[in-house]
Structure formats: structure tokens, C-alpha cells
Amino acid sequence: MGRHDFFSKYAPRPGRLRFAISRVAVLVLVIVVLAWIAISILLAPPPVAQELETVPLVSDPSASAPGNQLSTSPAGPEVTVHVVGAVKKPGVYTLPADSRITDAVAAAGGLARVFHEDSSH
């Protein structure tokens, strides 16, 4: 009977045994998943190289595709702009291609009076 007491003293309790088995199961599962990922990466086919289409740059605006905002006219290239906001006459205006924003505001009749009152504060 003494011998039985010796082994039962050092035998793992059932709760600790379940915890040890669950740790081993989780470790095995993690190793299997990592092995699966490694094999998938190693056996994956290499990506296929595709040659991209090149688009030539056009330096002459008259040679560009139709529908471009720049157009040629006897007075030179022009640009069409839509002016909205705090201007007197919002709308669409055609201006020379080298125009600035202030030229578009001037074509729209200048800044609206409401804007001048707000900016003076």
C-alpha cells in the first residue's frame, strides 16, 4: 500500500492534465497552420509579368484627342471654365489659355457684395 501512495502523490491532478493536453493541442494546431501557410507560399506559382501599355506624350495641343478643354481658334488657345460661388454672375466662360483665376472672377462680374462684407470683419 505504501507504493500506491508514492505514485498517487506525484500523479497529475485531472484538472492539470486537461490543461496540459489543451496546451499541446493548441501548439500542434498553430504548427499545422504555420506549415500550411509556408507550403502554400513555397508552392504558389510566380506572378505573371504583364507589359504595361505605353501612352505617348503629346507636346502639341492641337494634335491632342478631341474633347480636350484646350481648343485652337484664330485668337489662340482657349479654355472654358465654370465660375460659381461668391461672384456677381456665376456661369460658364471662355477665356484665353493663359488666364488666371482673377480673370475668371472678372469675367463673372467680380466678387459679390456679400463676400466683401464678410471679409471686412
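Draft legend 1. Highlighting the overall build of the protein. For the protein, the count of helices and strands is four helices and two strands. Starting at the N terminus, the α and β elements of the protein follow one another as α-α-β-β-α-α. Here the protein holds 121 residues, and the buried ones make up 9% of them. Expressed as a percentage of contacts within the protein between residues at least 6 apart in sequence, the contacts between residues at least 24 apart total 15%.

Draft legend 2. Spotlight on a nonpolar patch on the surface. On the surface, Val26, Leu29, Val30, Val33, Leu34, Trp36, Ile37 and Ile41 cluster together into a nonpolar patch covering about 850 Å² of accessible area. Assignment of secondary structure puts Ile41 in helix α2 (residues 14-43). When its relative accessible area of 62% is taken as the criterion, Ile41 is described as exposed.

Draft legend 3. Structural context of the nonpolar core. Within the largest apolar cluster, six residues are counted, these being Val83, Val87, Tyr93, Leu95, Ala104 and Ala108. Leaving out residues up to four positions away in the same chain, Ala104 has contacts with Val81, Val83 and Leu95.

Draft legend 4. Expanded view of the confidence of the model for the protein. Residues at a pLDDT of 70 or more form 64% of the protein, whose mean pLDDT is 77. When the criterion is pLDDT under 50, residues 67-72 qualifies, and its contacts beyond four places in sequence or with other chains add up to 11 contacts.

Rules used in this analysis
Residues numbered from 1 in each chain as written. Predicted model: local features only at pLDDT ≥ 70, side-chain atom pairs only at ≥ 80, totals over all residues. Heavy atoms only, no water. Helix = DSSP H or I, 4+ residues; strand = E, 2+ residues; numbered from the N terminus. Buried < 20%, exposed > 50% of the residue type's maximum accessible area, 1.4 Å probe, protein only. Contact = heavy atoms within 4.5 Å. Patch = residues over 30% accessible without salt bridge, like charges linked within 9 Å, V, L, I, M, F, W, Y side chains within 5 Å. Areas by Shrake-Rupley, 256 points an atom, 1.4 Å probe, with all protein chains shown as cover. Salt bridge = Lys/Arg side-chain N within 4 Å of Asp/Glu carboxyl O. Core = buried A, V, L, I, M, F, W, Y, C linked by side-chain atoms within 4.5 Å. pLDDT = per-residue confidence, 0-100.

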